[in-house]
Amino acid sequence: MRVFALSDIHVDYDSNARWVENLSTVEYRDDVLILAGDVSDQLSTLSWCLHQFARCFGQVLFVPGNHDLWVLRDTPGKTSFDKFREVAVVAEDAGVSMQPFRRDLLYIVPLFSWYDYTFGTPSDTLRAAWMDFVACRWPDGFHAQEISLHFGALNQTWVPEGIERVVTFSHFVPRIDLLPSSLPAEHRMLFPVLGSTHIDTQLRRLKSQMHVYGHSHINRQRLIDGVIYINNAFGYPHEDRITAKRLTAILDG
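Attention shifts here to the overall build of the protein. Each helix and strand counted, the protein has 8 helices and 10 strands in total. Along the three orthogonal principal directions, the C-alpha set of the protein runs to about 50 × 40 × 35 Å. Relative to its 253 residues, the protein shows a buried fraction of 56%. By sequence separation, contacts in the protein at least 24 residues apart represent 77% of the contacts at least 6 residues apart. Accessible surface for the protein amounts to roughly 11400 Å². Of this, 50% is attributable to carbon and sulfur atoms.

Dropping the structure here:
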């Protein structure tokens, strides 16, 4: 059994959807896919994509990303927490799991999350430009910190006995030093809405040895304090330089 990682597939773009549609339905039947969020904000499109992956892989594991929780095109009054629950139903219907997965000595744990400005305070420019501030809708009293705590409270905090390897995954970035300091200022402006240090606290409490994340659309792999961090974002069609646009095997056998 191999474990593959992928995020930010954004199948609202035709070329990305064609890539999913053309995946082999034979090659990966014994394998696991970690899909770390950002598929589509349309439930019908999300359902199509998850069904496609489910027919290719033995098991698909999924956490929603920020795009998956947009409600701009949904019924007025629906919150992004409501959308999260709808996404969970769509995933279950497709045979895709949002729960911890165990196979022998391996344990793979999804970490639901949101950004909470532990990477910095958003500027007025970012607040005006970042689509989540318009496309997501939260109950009264829920701001970034409360949203992050809400999702973090859904996560499993313990590992069963007999496990030798723990892999965790989230959509959002778990630590700021995974973001290249060489990025130009217009990209560094986005840091406050890219992740949360709370994710790293949780994955280390689980004694994770490997963590898959997405959201930044910057493919990289780094070892920091005993944990291997991997981002394999598919990204938007024009992002050929920073994304590889292929499956990455993070465990092989």
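This part is about helix 6 (residues 144-152). Turning to helix 6, its buried residues are A144, I147, S148, F151 and G152. On an axial view of helix 6, the arc spanned by its buried residues comes to 130°, and they lie on one face. Of the surrounding secondary structure, the elements contacted by the buried residues of helix 6 are helix 3 (80-93) and helix 8 (197-205).

Right, let's talk about unusual backbone geometry for a bit. Unusually for a residue other than glycine, H10 sits at a positive phi of about 45°. Of note, H10 is situated in the loop between strand 1 (2-6) and helix 1 (14-21). Relative accessible area serves as the criterion here: at 4%, H10 is assigned to the buried category. Notably, Y117 is not glycine yet its phi reads approximately 70°, a positive angle. Mapped onto the elements of the fold, Y117 is located in the loop between strand 5 (106-110) and helix 4 (124-129). Here Y117 falls in the buried class, since its relative accessible area comes to 18%.

The strand order across the open sheet built from 6 strands is 4-5-6-7-9-8, with neighbouring strands paired in mixed fashion. Each of the sheet's edge strands pairs with one partner strand only, and the pair in question is strand 4 (101-103) and strand 8 (220-224). Strand after strand, the sheet turns through a mean of 15° between neighbouring axes, direction not considered. When strand 4 meets strand 5, the two strands line up antiparallel, connected through 3 bridges. By the bridge assignment for strand 5, F101 is matched with I108. Sitting on the sheet, helix 8 touches strand 6 (165-169), strand 7 (210-213), strand 8 and strand 9 (227-231), and the angle it makes with strand 9 is about 130°.

Per the stated rule, a full pass over the model turns up 9 salt bridges. Between R73 and D41 there is a salt bridge; the shortest N-O distance is 2.6 Å. Of this pair, R73 sits in the loop between strand 3 (59-62) and helix 3 while D41 sits in the loop between strand 2 (32-35) and helix 2 (43-56), and the two are 32 residues apart along the sequence. Residue R73 is classed as exposed on the basis of its relative accessible area of 54%. Where K78 meets E86, a salt bridge forms, and the shortest distance between an N and an O atom there is 2.8 Å.

For N16, the location among the structural elements is in helix 1. Among the residues examined, N16 registers a relative accessible area of 1% and is labelled buried. A distance of 2.9 Å separates the side chain of N16 from the backbone oxygen of G235, its partner in a polar contact.

What follows is about the nonpolar core. By size, the foremost hydrophobic cluster in this structure holds 82 residues, and its most contacted members are F53, F57, I108 and I250. What I108 contacts, discounting residues up to four positions off in sequence, is V3, V32, I34, L61, Q99, P100, F101, V167 and F169.

Turning next to the packing of helix 2 against helix 3. The relative placement of two packed helices comes down to the angle between their axes together with the axis-to-axis distance. Contact geometry of helix 2 with helix 3 gives a least axis separation of 9 Å together with a crossing angle of 35°. The crossing of helix 2 and helix 3 is right-handed. On helix 3, the residues touching L43, L46, S47, L50 and H51 of helix 2 are K83, E86, V87, V90, A91 and D93. Its residues assigned to classes, the contact of helix 2 with helix 3 shows 6 nonpolar, 2 polar and 3 charged.

Calculation notes
- Residues numbered from 1 in each chain as written.
- Predicted model: local features only at pLDDT ≥ 70, side-chain atom pairs only at ≥ 80, totals over all residues.
- Heavy atoms only, no water.
- Helix = DSSP H or I, 4+ residues; strand = E, 2+ residues; numbered from the N terminus.
- Buried < 20%, exposed > 50% of the residue type's maximum accessible area, 1.4 Å probe, protein only.
- Contact = heavy atoms within 4.5 Å.
- Areas by Shrake-Rupley, 256 points an atom, 1.4 Å probe, with all protein chains shown as cover.
- Arc of directions from axis to C-beta.
- Pairing = 2+ DSSP bridges.
- Axes fitted to C-alpha atoms, helices over the stretch in contact; angles between N-to-C directions.
- Salt bridge = Lys/Arg side-chain N within 4 Å of Asp/Glu carboxyl O.
- Polar contact = N/O pair within 3.5 Å; in protein donor to acceptor, adjacent residues only side chain to side chain.
- Core = buried A, V, L, I, M, F, W, Y, C linked by side-chain atoms within 4.5 Å.
- Left-handed = near helix turned anticlockwise from the far one by under 90°.
- Nonpolar A, V, L, I, M, F, W, Y, C, P; charged D, E, K, R; others polar.

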